[in-house]
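Structural characterization, general
Chain residues, written in single-letter form:
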Amino acid sequence: MKASDYVKDLRGKSIDELKTELSALRKEQFNLRMQQAVGQLNQSNLVRDVRKKIARVKTIVQQQAKGGKAS
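Below: a short report on this structure. The structure displayed is predicted, hence computed values, not measured ones.

1. Topic: the side chain of Q64
Inspection of the secondary structure assignment puts Q64 in helix α3 (residues 45–66). Here Q64 falls in the buried class, since its relative accessible area comes to 18%. Among the polar contacts listed, one links the side chain of Q64 to the backbone oxygen of K13, at a separation of 3.4 Å.

2. So, the packing of aromatic side chains
Counted by the stated rule, this structure contains zero aromatic pairs. One cation-aromatic arrangement involves K53 over Y6; the distance from NZ or CZ to the ring centre is 5.3 Å.

What counts, and at which threshold
- Here the residue numbers are simple positions, counted from 1 along each chain's written sequence.
- With pLDDT at 70 or above as the cut-off, local features in this predicted model cover only qualifying residues; side-chain atom pairs require 80 or more to be listed or tallied, and sums for whole chains, interfaces and linings still use all residues.
- Here the side-chain values reflect all heavy atoms present in the structure, with hydrogen atoms and water set aside.
- Under the scheme used here, helices are H or I runs from DSSP no shorter than 4 residues and strands are E runs no shorter than 2 residues, and both carry numbers assigned from the N terminus.
- Between buried and exposed lies partly exposed: a residue is buried under 20% and exposed over 50% of the maximum accessible area for its type, with that area taken using a 1.4 Å probe on protein chains only.
- N or O atoms closer than or at 3.5 Å make up a polar contact, with two conditions inside protein: a donor-capable atom paired with an acceptor-capable one, and, for residues adjacent in sequence, both atoms drawn from side chains.
- Two rings from Phe, Tyr or Trp (for Trp, the six-membered ring) form a pair when their centres sit within 6.5 Å of each other. Planes less than 30 degrees apart are called stacked, planes more than 60 degrees apart edge-to-face, and all others tilted.
- Over a ring means this: the NZ of a Lys or the CZ of an Arg is within 6 Å of the ring centre and within 35 degrees of the ring normal.

Listed below in structure tokens is the structure:
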């Protein structure tokens, strides 16, 4: 999924759904860090991708909390 498609999908969600998404991404980030620590992670780019997704979700949560619908 492209980043722009992911953002469009996130903008259609409520704040509660976004917080659920954020929680799931944090769990995935933790699991990837644990895999990396024990040497089982083959695709190290996944760590960066999850970190960026977390940032996108947090940005949209902040925008919706302010009441803005900035693109």
